[in-house]
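Coordinate analysis (summary)
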Amino acid sequence: MKNAVFIMLLTLLTASAHAGGVYQEPDAFIAEVFADDPPKAEVIWPDTELKAQIKEILGHDYNGLRIRYWKKDKRTALILDEIGKDKPITTGFVINSGRIERVRVLIFRESRGWEVRHSFFTDQFDNAALDDDAQLDRTIDNISGATLSVRAVTKLARVALLLDKTVNAQQES
Amino acid sequence: MTGRKPIKFTAFLWHRRIGLAAIVLVIILAISGIMLNHTEELKLDENYVESSLLLGWYGLEPEGEAISYDVGEHVITVLEHQVFFNTYPVAKTGQSYRGAVKAEQLIVLAFDTELMLLTHDGELVERMPTGHGFSDIQRIGIKYKRPVIETSEPLYYMADEHILDWDVIINEDITWAHKTTLNDKKMAVLLESFRGRGLTLERVILDLHSGRLFGEYGIYVMDAAAVALLWLSCSGIWVWWSRKLKLKKKRHYQKHHRTSGSGI
């Protein structure tokens, strides 16, 4: 009996230790989002104002001068990185008409907090939009033990919505 | 028969034993303490350690070799996961470095499954995971001022001018990136950049004094040395006092003995 419990615990621990990794390759995500017919990638070069807005959300400058996106009709797909505790979490976002259509954690490199990949967490972002203060129009529940990862993905969701808004504004002007 | 009482003998014995055992640590504590009291005069905070052994102990000595590629008038080097534009650190990577080329608009660095784009001034533009489009990059080259990637298949991909899309091409007229070796002077500057501001002598002496230099248990060793010093102070007083008392009794006895002897 004791052995069985020990083996079960060991299995659970081993499963937890290997929970991080590549869940979906970024280009596979883009292909899936656009039904295997992805548009050509485009880039946005954030100006000073946009950089400042991103910095306000993330608490630091975005790592890079340009950000890649894929746009078809009213849907925009972005793949963004943000550090949870020590390493970047790569997350894919699809924004449709200014609201989040899909959030998927693609690559998780840290040893803790991988629970953010699960749909019970990512589904909370469905239909979320930015309010006037560049905050999400809803509360995202925390996951105990994954606070930093939750915070990172939530910040990225706000950045993704902000970038989509900027891309749309640029296309309209 | 020595006539010593057991408790006095034990105190004296332990005074001697602990004194001998703690002598090295007490010397370290004393000398490092004196040095730290005169940090400014000895310029400990201005002198930097150059010993590879000590720098390695502090994790400031790179373990691997520097891999460098020339990109025009600049050099892109990777030294122990740190990417340098000349001697300026720009990013970190956990992947093998496959080369760097100067394209028309950007500098392109290739790693196993990632490309890194820099401006010609060394500013990070974008990090691009290659995904399953093409992976397992072997080397990078240039053709018509555009970057070309060779994968393990081998297949050859050339980027558009903005480095957003890649097309398969044939292996023709490609100039591949070649490694370069940094001269001693450049290597010294790079190492200085890798180590940050370096390791001051004051830091080492401070860690020696606190015991942190010897690892996580070092502070407890130095704590033990301090307790030993306390013990030596107390046991020293005890031994001195007991000897003084004994001498006093002896003198008293001798005086009394002589007085009583002369009366016979």
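Below: a short report on this structure. (Residues numbered from 1 in each chain as written. Chains lettered and ligands numbered in written order. Predicted model: local features only at pLDDT ≥ 70, side-chain atom pairs only at ≥ 80, totals over all residues. Heavy atoms only, no water.)

Looking now at the packing of aromatic side chains. Across all of its chains, the model carries 6 aromatic pairs over all chains by this definition. With a centroid separation of 5.1 Å and an interplanar angle of 80°, the aromatic rings of Tyr69(B) and Tyr97(B) are classed as edge-to-face. On the criterion of sequence distance, the pair formed by Tyr69(B) in strand E1 (residues 67-71) and Tyr97(B) in strand E5 (residues 97-102) is long-range, its members being 28 residues apart. Taken together, a centroid distance of 6.5 Å and an interplanar angle of 40° make the contact between Tyr217(B) and Tyr220(B) tilted. A connected cluster of aromatic rings, assembled from ring pairs, spans Tyr69(B), Tyr97(B) and Phe111(B). Looking at Arg117(A), its charged tip hangs above the ring of Tyr23(A), at a distance of 4.0 Å from the centre. (Phe/Tyr/Trp six-rings, centres within 6.5 Å; stacked < 30°, edge-to-face > 60°. Helix = DSSP H or I, 4+ residues; strand = E, 2+ residues; numbered from the N terminus. Lys NZ or Arg CZ within 6 Å of the ring centre and 35° of its normal.)

Turning next to the nonpolar core. Grouped together as the largest cluster of nonpolar side chains are 37 residues, with contacts concentrated most on Ile54(A), Leu80(A), Phe125(A) and Leu163(A). Listing elements by their share of this core, those giving two or more residues are helix H3 (48-58), strand E3 (67-72), strand E4 (75-83), strand E5 (88-96), strand E6 (99-108) and helix H5 (147-172) of chain A. Of the residues forming this core, the biggest block, 11 residues, is contributed by H5(A). Not counting residues within four places of it along the chain, the set of residues in contact with Phe125(A) comprises Ile100(A), Val103(A), Leu136(A), Ile140(A), Val153(A), Thr154(A) and Ala157(A). Core analysis: the next-biggest nonpolar cluster, separate from the first, contains 36 residues, Tyr97(B), Ala103(B), Met116(B) and Ile140(B) among them. (Core = buried A, V, L, I, M, F, W, Y, C linked by side-chain atoms within 4.5 Å. Buried < 20%, exposed > 50% of the residue type's maximum accessible area, 1.4 Å probe, protein only. Contact = heavy atoms within 4.5 Å.)

With that out of the way, let us pick up the sheet that holds strand E9 (residues 137-143) of chain B. Residue and element names in this part refer to chain B. Pairing in this open sheet of 5 strands is antiparallel, and the strands run E12-E11-E10-E9-E13 from one edge to the other. Both edges of this open sheet fall to strand E12 (166-169) and strand E13 (175-176), since each of them pairs with a single strand only. Pairing between E9 and E13: 2 bridges, direction antiparallel. In the strand pairing of E13, Gly141 is matched with Trp176. (Pairing = 2+ DSSP bridges.)

We now examine the pairing of E5(A). All names here are of chain A. In terms of burial, E5 is largely enclosed, as 7 of its 9 residues are buried. The hairpin formed by E4 and E5 contains 4 residues between the paired strands. Of the pairings in the sheet, the one linking E5 to E6 comprises 8 bridges and is antiparallel in character. In the sheet register, Phe93 faces E6, and the bridge partner there is Val103. Hairpin connection of E5 to E6: 2 residues between the antiparallel strands, including Ser97 at a positive phi of 50°.

All names here are of chain A. If you walk through the whole model with that rule in mind, you get 14 salt bridges over all chains. In this structure, the salt-bridge partner of Arg75 is Glu101, at a minimum N-O distance of 2.7 Å. Of this pair, Arg75 sits in strand E4 while Glu101 sits in strand E6, and the two are 26 residues apart along the sequence. Residue classification places Glu101 among the partly exposed residues on the basis of a relative accessible area of 29%. Among the ionic contacts, a cluster of salt bridges with common partners joins Glu32, Arg102 and Arg104. (Salt bridge = Lys/Arg side-chain N within 4 Å of Asp/Glu carboxyl O.)

This next bit is on the interface of chain B and chain A. How big an interface is tends to be expressed through the accessible area that disappears when the partners come together. The partner chain A presents 14 residues to the 18 residues of chain B that form the contact. Taking both partners together, chain B and chain A bury about 1,200 Å²; carbon and sulfur atoms supply 52% of that area. Summed over the shared surface of chain B and chain A, the number is 3 salt bridges. A salt bridge links Glu126(B) to Arg66(A), with the nearest nitrogen and oxygen atoms 2.7 Å apart. Counting the contacts that link chain B with chain A gives 9 residue pairs in polar contact (both at pLDDT 80 or more). (Buried area = accessible area lost by both parts, 1.4 Å probe. Polar contact = N/O pair within 3.5 Å; in protein donor to acceptor, adjacent residues only side chain to side chain.)

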